[in-house]
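Reading the structure
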Amino acid sequence: MSEGALADRLARAIALGGPIPISQYMAAANAHYYATRDPLGTAGDFTTAPEISQMFGELIGAWAADLWERAGRPAVAWVELGPGRGTLTADALRVMARAGLMPPVHFVENSPTMRTAQAERVPAARWHDAMGTLPTDVPLIVVANEFFDALPIRQLVRRAGTWHERLVACQDTLFLPIAGSSVPDTIIPDGLVDAAPGAVIETSPASVAIMADLAARIVEQGGAALAIDYGYDGPGVGDTLQAVRGHAYANPFEAPGERDLTAHVDMATLRLAATASGADAFGTTTQGEFLRALGIDQRAAALGERVAGDRRRLVEDMGELFKVIAVTHKDWPRPAGFAA
């Protein structure tokens, strides 16, 4: 699909059927965006923690190896959801191998472009379009770094004493958010029903469904999952939908499919989805606290002055904004990085 073709298609759909939900707009935009480019690095639109420093993936590998060791060294499969270029897994595998953990690698990835980049770093990986084809006969160790923030969200906006579904309209090829039909107060979280005019509530049914499925697999098979993302403990009010292009913030309603769309992740809701499926959940902690608990300060000191800036970006610049939760089988030990 050529640049602009998605925008034309969405504009026609809106002209024929009326405004569409934010979730439909975001899903279509990100599906096109990730399928047609490698967005990472200085030549792309943004940089993720694994691309900043090898320390990030190494510490995740150490986290997994420690948990596996204390769980009795079972046969496991390694899974990464939305693995970027495969850098995190490649760095983690080196550390895990030194501990004797050499699991088969499974990537859940739809983008042909990103699969090519991942194959350069982890050539033995197996790829999956969705979680349904992941192994079912061994425990899973799953990592989801900056995965949930790209999943579609639903927005509700407060107008004239009533909550409304937020939709995307199109006027003369210009996309813009509008208030759609009203929704009943019964679907609004407790304490937010009478929020101020203009307040926005975000939910992500897609994220909840994936976490519930993931937790159910862990309950059935054993294992653990680690989720790291822009996040907060909700429910709460706030419009966090944003776009990035060329390492700068952009209008999320311009050029759909040509910029990365994200929204902050409600970590509390993901934890609830996991525990409702019968798993144990830990967190929320910050990325800075988590990496410090895993020993990033000592690792940075061992690597020398050349990584001081990388450590600062991971622990201080990104340290508070990014949040971390873990999910485990009830018989697995408490994962490192989460205070009792």
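Residues numbered from 1 in each chain as written. Predicted model: local features only at pLDDT ≥ 70, side-chain atom pairs only at ≥ 80, totals over all residues. Heavy atoms only, no water.

One can find Arg292 in helix H9 (residues 287-294). For the pair formed by Arg292 and Gly337, sequence separation is 45 residues and the distance between their alpha carbons is 8.2 Å. In contact with Arg292, not counting residues within four places along its chain, are Asp297, Arg311, Val315 and Glu316. (Helix = DSSP H or I, 4+ residues; strand = E, 2+ residues; numbered from the N terminus. Contact = heavy atoms within 4.5 Å.)

On to the packing of aromatic side chains. For any pair of aromatic rings, geometry is given as the distance between the ring centres together with the angle between the planes. Throughout the structure, instances matching the rule amount to eight aromatic pairs. Measuring from centroid to centroid gives 6.1 Å for Phe107 and Trp127, while their planes differ by 65°, and the two rings are edge-to-face. Taken as a pair, Phe107 in strand E3 (residues 105-108) and Trp127 in strand E4 (residues 126-128) lie far apart in primary sequence, 20 residues in all. Classification of Phe107 as buried rests on a relative accessible area of 0%. (Phe/Tyr/Trp six-rings, centres within 6.5 Å; stacked < 30°, edge-to-face > 60°. Buried < 20%, exposed > 50% of the residue type's maximum accessible area, 1.4 Å probe, protein only.)

This brings us to the layout of surface pockets. Here the second largest pocket is characterised by a volume of approximately 320 Å³. As for the second largest pocket, its lining consists of 23 residues, of which Glu202, Thr203, Ser204, Asp266 and Thr269 are closest to the centre. Those elements that provide at least two residues to the lining of the second largest pocket are strand E9 (200-203), helix H7 (205-221), strand E14 (265-266) and helix H8 (267-276). Looking at side-chain class alone, the lining of the second largest pocket contains 13 nonpolar, seven polar and three charged residues. (1 Å grid on protein atoms, 1.4 Å probe; cavity = no way out; pocket = protein on both sides within 12 Å on 5 of 7 lines; lining within 4 Å. Points joined across faces, edges and corners; volume = space filled by probe spheres on them. Nonpolar A, V, L, I, M, F, W, Y, C, P; charged D, E, K, R; others polar.)

Before going further, it helps to spend a moment on the nonpolar core. Counting residues in hydrophobic clusters, the biggest one holds 44 residues, and the most contacted among them are Ile60, Trp63, Trp78, Leu226, Phe290 and Leu314. Sorting elements by how many residues they give to this core places helix H4 (residues 54-70) first, with nine residues. With residues near it in sequence (within four places) discarded, Ile60 still touches Trp78, Leu88, Val143, Leu226, Ile228 and Phe290. Formed by 27 residues, the second largest nonpolar core is a distinct cluster that contains Val79, Leu151, Ala215 and Ala274. (Core = buried A, V, L, I, M, F, W, Y, C linked by side-chain atoms within 4.5 Å.)

The analysis is restricted to geometry; functional conclusions fall outside its scope.
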